[in-house]
Amino acid sequence: MEQKAYITGLGKYLPEEKVSNADLEKLMETTDAWIQERTGIQARRFFTPGKESTATMGAEAAKQALERAGRRPEDIDLLLFATLSPDYYFPGCGVLLQEMLGLQNIGCIDLRAQCSGFIYGLSVAQAYIKSGMAKRILLVCSEAQSTLMELSNRGRNVAVIFGDGAGAAVLEASSDQRGIADVQIHSEGQHAELLYQPHPGTRLRPRLSTEMLQDGSLLPIMNGNAVFKHAVVRFEEVIRANLKEAGIGLEALSLLIPHQANLRISEFLRKQLGLDETQVYHNIQRYGNTTSASIPIALTEAWEEGRLNPGDWIEMAAFGSGFTWGGALMRW
Ligand code: UT7
């Protein structure tokens with residue numbers, strides 16, 4: 001049987017500080033009712049600047065994944081790191097993690113696919129493992145978004161949604177039924193400015209100015225309605241495409257783990273696909289939208305709860321800034 005990537009260990013890290021909707025009500029004109037009704041979110045975690053970072057959170061998740069896989073840092077021959085909130089503009093977080101974990105001088109690939117980072121990472125891992133170019137891959141997704149957002153009326157449409165955290169997976173070669181049966185990634189750059197952070201970029205001199213601080217252009221900009229409309233279409237499309245490619249029906253699906261963008265998006269999707277409630281995993285209520293980290297955190301929790309069992313078909317799908325989207329169907 002052809003080799004494919006399968007997950008041998010999963011890990012997650014959520015920073016300690018819990019920020020409830022009531023906490024946000026004190027900082028901006030919003031309400032717990034508005035946030036819950038529109039997104040399903042009840043709380044999120046914020047990292048501690050100066051003590052933690054995207055790389056350190058990623059390292060904690062990675063250590064747990066390695067331990068659960070029964071692997072040591074020297075066993076890993078490729079590191080993939082996905083984030084939209086790196087510690088530095090350059091170099092990427094991959095090299096920081098390589099040093100923190102004491103990995104060998106292996107290649108580190110930093111992936112910039114925003115909310116689709118985990119699925120993009122799975123697709124790279126699958127290709128490296130199928131070709132024999134790598135044997136044991138560490139895929140880490142981590143986000144420190146709380147320092148990117150403004151906790152004010154001006155920033156509220158974004159600030160109530162996003163949270164911090166990290167998830168990680170160790171991927172190895174499988175030559176039996178286990179592993180990624182199909183993974184697909186997509187993009188549509190004409191919508192780049194519907195969800196983006198305009199500055200600081202490289203287009204202007206100076207890259208950073210006091211005007212940018214004042215006019216809010218350092219904040220992420222999101223056209224929530226447009227993102228929502230595209231997301232529901234692309235999620236469904238890619239999930240159906242994964243299933244078709246693997247030749248299985250929706251009834252065979254044990255669990256769908258959608259990127260935790262919005263409970264309404266996931267519920268809409270569940271109904272469109274005709275899945276029952278036990279077939280779709282949610283944890284956005286506790287963590288908000290953790291972008292690239294949301295699927296690996298949810299996958300780790302599902303595993304911890306005993307919801308991933310040998311032979312199960314697990315579908316994961318993501319959509320986000322870019323636009324980028326993708327889906328991966330895996331046999332556990
Ligand atoms: O990971 C992928 C990234 N993003 C997404 O997937 C986001 C997808 N989109 C969404 O989840 C939803 O569009 C949102 C949750 C962002 C917004 O929900 P919505 O139902 O589309 O609301 P809206 O943007 O149409 O805003 C409705 C109202 C507006 O007031 P008016 O114009 O009706 O008076 C907003 O100003 O709600 C107002 N509003 C808020 N009110 C209280 C916007 N943000 C807030 C807030 N609290 N935080």
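Residues numbered from 1 in each chain as written. Predicted model: local features only at pLDDT ≥ 70, side-chain atom pairs only at ≥ 80, totals over all residues. Heavy atoms only, no water.

J.: Give me the lowdown on the pattern of salt bridges, citing residues and values where you can.
T.: All told, the structure shown has 18 salt bridges when counted by the stated rule. Here Glu172 makes a salt bridge to Arg71, at a shortest N to O gap of 2.9 Å. Taken together, the positions of Glu172 in strand β7 (residues 165–174) and Arg71 in the loop between α3 (54–69) and β4 (78–82) put the pair 101 residues apart, joining distant regions of the chain. Its relative accessible area of 27% is what places Arg71 among the partly exposed residues. Note that Arg234 and Glu188 form a salt bridge whose closest N and O atoms lie 3.2 Å from each other. Of this pair, Arg234 sits in helix α8 (residues 224–246) while Glu188 is found in the loop between β8 (179–187) and β9 (195–196), placing the two residues 46 residues apart along the sequence. Residue classification places Glu188 among the buried positions, given a relative accessible area of 19%. What emerges from the salt-bridge pattern is a single network uniting Glu267, Arg270, Lys271 and Glu277. (Salt bridge = Lys/Arg side-chain N within 4 Å of Asp/Glu carboxyl O. Helix = DSSP H or I, 4+ residues; strand = E, 2+ residues; numbered from the N terminus. Buried < 20%, exposed > 50% of the residue type's maximum accessible area, 1.4 Å probe, protein only.)

J.: Tell me about helix α11 (residues 294–304), and name the residues and values.
T.: Summarising burial for α11: nine of the eleven residues are buried, a large majority. Considered for burial, the residues of α11 that qualify are Ser294, Ile295, Pro296, Ile297, Ala298, Leu299, Thr300, Glu301 and Ala302.

J.: Tell me about the sheet that holds strand β1 (residues 4–13), residues and numbers included.
T.: Ordered by their spatial adjacency, five strands build an open sheet running β1-β7-β6-β4-β5, and the pairing between neighbours is mixed. The outermost strands of the open sheet, each flanked by one partner alone, are β1 and β5 (107–111). With strand direction ignored, the average angle separating the axes of adjacent strands in the sheet is 20°. As paired elements, β4 and β5 share five bridges and run parallel to each other. Within β5, the position partnered with Leu78 by the bridge is Gly107. Each of β1, β4, β6 (136–143) and β7 touches α3; the most contacted strand, β1, lies at about 125° to it. Sitting on the sheet, helix α5 (residues 117–131) is in contact with β1, β4, β5, β6 and β7, with an inclination near 170° to β6. (Pairing = 2+ DSSP bridges. Axes fitted to C-alpha atoms, helices over the stretch in contact; angles between N-to-C directions. Contact = heavy atoms within 4.5 Å.)

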